[in-house]
Amino acid sequence: MSAVGVFQIFLFLAIILLVTKPIGVFLARVFSSDKTFLDPLCRPVERLIYRFCGVDESDEMNWKQYGVAMLLFSGVSLLVLYVIERTQHLLGGSLNPHRFAGVSPTLAWNTAVSFTTNTNWQAYVPETTMSYFTQMAGLAYHNFASAAVGIALAIALIRGISRVNAQTIGNFWVDVTRCTLWVLLPACFVLALVLVSQGVIQNFHPYQPVTPLDAGAAHQQVIPQGPVASQEAIKELGTNGGGFFNANSAHPYENPTPFSNFLQLVMIFAIPSGLTYTLGRMTRSPRHGWAVWGAMASLFLAAVFAIYAAESHPTPALKAATPAAATAGNLEGKEVRFGVVGSSTFAAVTTDASCGAVNSMHDSFTPLGGMVPLINILLGEVVFGGVGAGLYGMIVFVIVTVFLAGLMVGRTPEYLGKKIESYDVKMAMLSILIFPITVLSFTAIASITSFGQAGITNPGPHGLTQILYAYTSATGNNGSAFNGINSNTSWYNSSLAVAMLLGRFFAVIPILAIAGNLAQKKSVAESAGTFPVTTPLFSTLLVSTVLIVGALTFFPVLSLGPILEHLQMAAGKLF
């Protein structure tokens, strides 16, 4: 590791710290219907949408109604995207200039589920599979919609914590509309223009045939085109991760410069970080919001420096074959434009958040370097996490942490003036347990069956890691892959789709139940026995809870995968 690399990491975190409060304040004002500078532009459009859709913005919902509305919205959006994919061959002209065929049924289903759940797992090559219309009207739309749903769910949970003796937690349709109009659309419009200034393309041109300098006219190369910048902005800001090109953010048309790379990192963490301040502001406990932010930042620093340290050294075999490689680190699978530190930081950020965008191939990382992004997802992607999803996932861990603290002192635990009772803890544990049950069950089935093993491209522990990473990424709604697994099969398209649905919707229903239950409770005054949730001690206990639940649950399978591979690599074994 170099001093310059360490400086880049801390500079990135410092910028995230600087934008946290402004973004958090703005989000709180938007979802509290307070006045903002965007009201003259957005408010008329909002009223028009409500009038057209028959929505009464003053009519709030209880948690069950909120959940039903969320499921209906997501379900209809999923089916619409599936139909668009299956029928894209019917369109021509600038919407499908290359006459791409309709997407096969299992792949279309997998992709529709993927983008609806904010996973954006891509078992296909985008630039040779999806038409411009599918990319824009289908995939880019879902990037906005799934991100808005995630943020709305987080806001609903915050309302449940902050309200007293209330039966409602907001209106789903209003929350999604305001998130889209006030937050995502304006920010993406500006950020897309910035990306265009860096060289990210934005057009509807047909793919361009060119003749390489070292080849004749008979060996032309086709350069893909398309409306990339508009999708790239929401891809990162909404922690979606699905790329316009197969190489994702390693492609020069998606991520052309070191500045665009740094900007994309900031975009991924910006809203999840801001939501921690929104939590503190809306619950009238800013110090609690900063305590949660501190826990997230600590886990992020531990992850990024672990990856950076592992990738700063070449593998023993490469070092023995090429001694000069010792100073360059492990550059396999990395873009030299970004180097080890840029790739390591991106890997940590994209898996700490449920983003999934990549600028390097995690399959080519060293065993320990590749294990850390995997662990980031296994922790529940609560280290800032996806837009909304990271915050409500962390609050679940907060409830468990407060419960454990209450057990230590022998009294009913309290959280921001609300007593945490058995119902809240049961719902929290149900939400947490869905993740390991889904991941480990599907990994076990795939690792012992012929149709599961057919997808892996490496023998031994690395092949197990490929399978584990795939189901972890799907259930955690991350979308990144180890890149060495062939997942475009009936088994993987179907099973990964089920894992995505379980990870998104089965996990969030108990969280909405917690929100509804907390909203109904009365507020209790703090006492000498109340465990404070605004101190460094609380942040430390929260980090410990996240690590114990995540790391210990998956330690056996990690031992058989990346840890075993590291030991074999150190012993000189090659695969």
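That block above? That's the structure.
Report follows, based on the coordinates. The structure displayed is predicted, hence computed values, not measured ones. (Residues numbered from 1 in each chain as written. Predicted model: local features only at pLDDT ≥ 70, side-chain atom pairs only at ≥ 80, totals over all residues. Heavy atoms only, no water.)

### Side note on the pattern of salt bridges
Within this structure, the stated rule accounts for 13 salt bridges. Residues arginine 159 and aspartate 175 are paired through a salt bridge, measuring 2.8 Å at the closest nitrogen-oxygen approach. With a gap of 16 residues between them, arginine 159 in helix α5 (residues 132–162) and aspartate 175 in helix α6 (residues 172–198) connect regions that are remote in the sequence. Each member of the pair, arginine 159 as well as aspartate 175, is classed as buried. When the shortest N-O distance is used, the salt bridge between arginine 337 and glutamate 335 registers 3.0 Å. Since its relative accessible area comes to 28%, arginine 337 is described here as partly exposed. Here the salt bridges share partners, and the residues they tie into one network are Arg43, Glu46, Glu57 and Arg178. (Salt bridge = Lys/Arg side-chain N within 4 Å of Asp/Glu carboxyl O. Helix = DSSP H or I, 4+ residues; strand = E, 2+ residues; numbered from the N terminus. Buried < 20%, exposed > 50% of the residue type's maximum accessible area, 1.4 Å probe, protein only.)

### A few points about a nonpolar patch on the surface
Together, Leu404, Leu407, Met408 and Val409 make up an exposed nonpolar region whose accessible area comes to about 410 Å². Position of leucine 407 relative to the elements: it lies in helix α13 (residues 389–409). Leucine 407 sits in the exposed class, given a relative accessible area of 55%. (Patch = residues over 30% accessible without salt bridge, like charges linked within 9 Å, V, L, I, M, F, W, Y side chains within 5 Å. Areas by Shrake-Rupley, 256 points an atom, 1.4 Å probe, with all protein chains shown as cover.)

### Remarks on helix α4 (residues 105–116)
Its 12 residues give α4 an end-to-end C-alpha distance of 16 Å, which sits within 8% of 16 Å, the value for a rise of 1.5 Å per residue. The buried count for α4 comes to 9 of 12 residues, which makes it a mostly enclosed element. Those residues of α4 that fall on the buried side of the exposure criterion are Leu107, Ala108, Asn110, Thr111, Ala112, Val113, Ser114, Phe115 and Thr116. Of the residues one or two after α4, asparagine 118 is the one with positive phi, at around 65°. (Expected span 1.5 Å × (residues − 1).)

### Observations concerning the packing of α13 against helix α14 (residues 422–448)
In the contact formed by α13 and α14, the axes pass within 9 Å of each other and the chain directions differ by 130°. In terms of axis orientation, α13 runs oblique to α14. Crossing hand, α13 versus α14: left-handed. Residue-level inspection shows Val396, Phe397, Ile399, Val400 and Phe403 of α13 in contact with α14, the latter providing Asp424, Val425, Ala428, Met429, Ser431 and Ile432. For the contact of α13 with α14, the per-class residue count stands at 9 nonpolar, 1 polar and 1 charged. (Axes fitted to C-alpha atoms, helices over the stretch in contact; angles between N-to-C directions. Parallel < 35°, antiparallel > 145°, perpendicular 65-115°, else oblique. Left-handed = near helix turned anticlockwise from the far one by under 90°. Contact = heavy atoms within 4.5 Å. Nonpolar A, V, L, I, M, F, W, Y, C, P; charged D, E, K, R; others polar.)

### Description of the packing of aromatic side chains
In the structure shown here, the tally under the stated rule is 27 aromatic pairs. For the pair phenylalanine 26 and phenylalanine 37, a centre-to-centre distance of 5.8 Å together with 40° between the ring planes defines the contact as tilted. Placement of phenylalanine 26 in helix α1 (residues 3–31) and of phenylalanine 37 in the loop between α1 and α2 (39–53) is noted, with a sequence separation of 11 residues between them. Given a relative accessible area of 68%, phenylalanine 37 falls into the exposed group. Between phenylalanine 442 and tyrosine 471, the aromatic rings sit 5.4 Å apart at their centres with planes inclined by 10°, giving stacked as the arrangement. Highlighted residues: phenylalanine 442 in helix α14 and tyrosine 471 in helix α16 (residues 460–475), separated in sequence by 29 residues. Overall, tyrosine 471 belongs to the buried group, its relative accessible area being 0%. (Phe/Tyr/Trp six-rings, centres within 6.5 Å; stacked < 30°, edge-to-face > 60°.)

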